[in-house]
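Listed below, chain by chain, are the residues.
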Amino acid sequence: MTWPMLFGVLSLMSFQLVDSAFIGQLGVLPLAAQGFTLPMQMVIIGLQVGLGIATTSLISRVLGADETLRAKQLGGLVVLTGALSVFCICVLIWFLRSPILSLLSAPVDVYPVIDAYWPVWLASSWTGAMLYFAYSLCRANGNTMLPGIMMMVTSILNMVLDPLFIFSLDMGLVGAAWATIAAFGIGLVVVYPLVLKRHWMSLNWQGLDVFASIKELVNTMAPAMLSQLLPPMSSMLATKLVAGFGAATVAAWALGSRLEFFSIVVVLALTMSMPPMVGRMLGAGEINKIKALIKLAVKFVLIWQFVIAAALFLGSSVLSSLLTSESTVSEILSLHLVWVPLSLGPLGVCMLMVSICNALALPMRALLISGLRLFICFLPAIWLGTKIAGLEGLFIGAMLGNIAAGIVAWVFYQQGMKLVIAKYG
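All residue numbers refer to position in the chain's written sequence, counted from 1. Two thresholds apply to this predicted model, a pLDDT of at least 70 for residue-level local features and 80 or more for giving and counting side-chain atom pairs, whereas whole-chain, interface and lining totals are computed over all residues. Side-chain measures were taken over the full set of non-hydrogen atoms in the model, leaving aside hydrogen atoms and water.

What to know about the pattern of salt bridges
Consideration 1: By convention in these notes, a salt bridge is any Lys or Arg side-chain nitrogen within 4 Å of a carboxyl oxygen on Asp or Glu. Within this structure, the stated rule accounts for 3 salt bridges.
Consideration 2: A salt bridge links Arg70 to Glu67; its shortest N-O distance comes to 3.6 Å.
Consideration 3: Salt-bridge contacts for Asp115 lead to Arg97; the nearest nitrogen and oxygen are separated by 2.9 Å. Within this pair, whereas Asp115 is found in helix α5 (residues 111–140), its partner Arg97 is found in helix α4 (residues 97–103), the two being separated by 18 residues in sequence. Helix and strand assignments follow DSSP, with helices taken as H or I runs no shorter than four residues and strands as E runs no shorter than two, numbered in order from the N terminus.

Quick word on the packing of aromatic side chains
Consideration 1: Two aromatic rings, drawn from Phe, Tyr or Trp (for Trp, its six-membered ring), form a pair once their centres lie within 6.5 Å of each other, and the interplanar angle then sorts them: stacked below 30 degrees, edge-to-face above 60, tilted otherwise. The full count for this structure, using the stated rule, is 6 aromatic pairs.
Consideration 2: Where Phe22 meets Phe167, the ring centres are 5.8 Å apart and the plane angle is 70°; that geometry is what we call edge-to-face. Placement of the pair is Phe22 in helix α1 (residues 2–24) and Phe167 in helix α6 (residues 145–168), with a sequence separation of 145 residues.
Consideration 3: Only protein chains enter the accessibility calculation, which uses a 1.4 Å probe; a residue whose area is less than 20% of its type maximum is buried, one above 50% is exposed, and one in between is partly exposed. Given the relative accessible area of 22%, Phe22 is considered partly exposed.
Consideration 4: Given a relative accessible area of 37%, Phe167 falls into the partly exposed group.
Consideration 5: Over the ring of Trp94 we find Arg97, and its NZ or CZ is 3.7 Å from the ring centre. Here, a charge over a ring is recorded when the distance from Lys NZ or Arg CZ to the ring centre is within 6 Å and its angle to the ring normal is within 35 degrees.

A few points about the domain arrangement of the protein
Consideration 1: The domain architecture assigned to the protein consists of domain 1 (2–208) and domain 2 (227–424).
Consideration 2: Contacts are assigned to residue pairs with any non-hydrogen atoms lying within 4.5 Å of each other. Of the residues lining the interface, 41 residues belong to domain 1; the matching set on domain 2 comes to 34 residues.
Consideration 3: Inspection of the region where domain 1 meets domain 2 yields 0 salt bridges.
Consideration 4: Within 3.5 Å is the distance limit for a polar contact, defined as a pair of N or O atoms, with the added protein rule that one can donate a hydrogen and the other accept it, and that residues adjacent in sequence qualify only through two side-chain atoms. Viewed at the interface, domain 2 and domain 1 are joined by 3 residue pairs in polar contact (both at pLDDT 80 or more).
Consideration 5: Counting only elements with at least two residues in the side of domain 1 that touches domain 2, the list comes to α1, α2 (28–64) and α5.
Consideration 6: Counting residues per element, the side of domain 1 that touches domain 2 draws most heavily on α2, which supplies 19 residues.
Consideration 7: We call Asp, Glu, Lys and Arg charged. Ala, Val, Leu, Ile, Met, Phe, Trp, Tyr, Cys and Pro are nonpolar, and the rest, Gly among them, are polar. Along the lines of polarity and charge, the residues of the side of domain 1 that touches domain 2 split into 23 nonpolar, 17 polar and 1 charged. Domain start and stop points were drawn from an automatic or database domain assignment.

So, the nonpolar core
Consideration 1: Grouped together as the largest cluster of nonpolar side chains are 135 residues, with contacts concentrated most on Trp118, Trp121, Met353 and Leu360.
Consideration 2: Counting residues domain by domain, this core receives three or more from each of domain 1 (2–208) and domain 2 (227–424).
Consideration 3: The residues contacting Trp121, other than those within four sequence positions of it, are Thr37, Met40, Gln41, Ile44, Ile93 and Ala177. Buried residues of nine kinds, namely Ala, Val, Leu, Ile, Met, Phe, Trp, Tyr and Cys, make up a nonpolar core once their side-chain atoms join them within 4.5 Å.

A short note on helix α14 (residues 344–359)
Consideration 1: Compared with the 22 Å implied by 1.5 Å per residue over 16 residues, the 22 Å span of α14 between its first and last C-alpha is a close match.
Consideration 2: For α14, a buried count of 16 out of 16 residues is recorded, marking the element as mostly surrounded by other parts of the structure.
Consideration 3: Remark: Ala361 follows α14 within two positions and exhibits a positive phi of approximately 60°. Any helix carries an expected span of 1.5 Å times its number of residues minus one.

Observations regarding the state of the cysteines
Consideration 1: Cysteine sulfur atoms that pair up within 2.5 Å are treated as a disulfide. Applying the stated criterion across every chain yields a total of 0 disulfides.
Consideration 2: As a non-bridged cysteine, Cys90 has Cys88 as the owner of its nearest cysteine sulfur, 9.3 Å distant.
Consideration 3: Judged by relative accessible area, Cys90 falls into the buried class, the value being 8%.

Points about the packing of helix α11 (residues 287–314) against α14
Consideration 1: Think of each axis as a best-fit line through the C-alpha atoms, taken over the contacting stretch in the case of a helix, with angles from 0 to 180 degrees between the N-to-C directions. Here α11 crosses α14 at 150°, and the two axes come no closer than 8 Å. One way to sum up the angle between α11 and α14 is to call them roughly antiparallel. Two packed elements cross with a definite hand, and for α11 against α14 that hand is right-handed. Residue-level contacts link Ile294, Ala297, Val298, Val301, Leu302 and Gln305 of α11 to Leu344, Gly345, Pro346, Gly348, Val349, Leu352, Met353 and Ile356 of α14.
Consideration 2: Broken down by class, the residue content of the contact of α11 with α14 amounts to 11 nonpolar, 3 polar and no charged. An angle counts as roughly parallel when it lies under 35 degrees, as roughly antiparallel when it exceeds 145, as roughly perpendicular when it falls between 65 and 115, and as oblique in every other case. Crossings are classed by handedness, with left-handed meaning an anticlockwise turn of the near helix from the far one by less than a right angle and right-handed meaning a clockwise turn.

With respect to the packing of helix α3 (residues 68–95) against α5
Consideration 1: Look at α3 against α5: their axes get within 10 Å of each other, and the N-to-C directions meet at 165°. Here α5 runs roughly antiparallel to α3, going by the angle between their axes. Between α3 and α5 lies a crossing whose hand is right-handed. Residues Gly75, Val79, Gly82, Ala83, Val86, Phe87, Cys90, Ile93 and Trp94 of α3 touch α5, and the partners they reach there are Asp115, Trp118, Pro119, Trp121, Leu122, Trp126, Ala129, Met130, Phe133 and Leu137.
Consideration 2: Partitioning the contact of α3 with α5 into residue classes produces 16 nonpolar, 2 polar and 1 charged.

Some thoughts on the environment of Val298
Consideration 1: Looking at where Val298 falls in the secondary structure, it is placed in helix α11.
Consideration 2: Sequence spacing of Val298 and Val110 is 188 residues, and the spatial spacing of their C-alpha atoms is 41 Å.

Quick notes on α11
Consideration 1: Its 28 residues give α11 an end-to-end C-alpha distance of 41 Å, which sits within 8% of 40 Å, the value for a rise of 1.5 Å per residue.
Consideration 2: Among all positions in α11, only Ile287, Ile290, Leu293, Ile294, Ala297, Val298, Val301, Gln305, Ala309 and Leu312 are buried.

Concerning unusual backbone geometry
Consideration 1: A positive phi angle, close to 60°, is found at Ser105, a residue other than glycine.
Consideration 2: Among the structural elements, Ser105 can be located in the loop between α4 and α5.
Consideration 3: A positive phi angle, close to 60°, is found at Ala361, a residue other than glycine.
Consideration 4: With respect to the element layout, Ala361 can be found in the loop between α14 and α15 (363–424).

Right under this line is the structure:
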């Protein structure tokens, strides 16, 4: 179940990285605008991923009870709830853009770029969220092949359309968002008919207690969503801290964050594929299999991410020059790549434990791990780092914060397993 998602997520991250590389050729201001957009993007992604977690958890359990009609009806509820929720968030972000940028300490010359970019970017975010909800229904029904293939197809489309919209049509930064809308729009036209054809969703809720189902969905969804919304809150605070070093540092931080997403692609695939597996084992009472599976995954993540960190360290200068034409941004990005990738293994363990706790019906523990990771481990570490060692201390702090988060997450997962064993034997 993991490998189709691996290639799908890898291609998705590849297009985002290529997207950043194209934007990097436009200069510091567009890159800085993308840096200030990233926290808001994480808010929307947090909302859609939280709903996706709830979808996988709830529908897989319903399917395990052989309630196929109810699973299909819940699929329709998920899509409608997600469409309305993300739309409302996008509208809110647009109308609050000035206070948001002020809160993030954005320089005045970035505001006009944001005003032109955000309307199209928000539309692209809604389109991407709708496609993600369809992928969540596929995974909940045990199919990772369709979303994996379509993530690859839409990513390739996006990479092809990017230079056309950005350079050939001379749209600049806005063109990147239009390319995303076009690629994801094609994905919607392909995926939703297949989801309907395979009876994975329905808007016919006859015989379904809609309010009870929504309540059940919210009970699972709320902690998962809050857990996913904590990172953008942390990102906003981190961006405000980084902004104190100037626009070039914000641009380098944004590029480094994109590279981090790309580097942990295997972990992201595992967080998508493992919850249905763990949920089914939990339903069957196979606790020892769950523990063995998780230990295997943790060992793999630590070894794999160490190899990736070594590769990024060796290629830091080449990657920096490829991703931006600005020498100042390139130098700061190289510094990022020396320190932060060393901690992506423990960070991956932390992310995996959050996903696993949700699958083990421990959403509040998952929320607690997320909160401790960001507000006790990561943010204090980068703040202390900047106070002690300036710009380099920022990245050393990020490294130490990620390592501490991995250790904390593992301890809390083990404590949670004791509760699961007590409940399920």
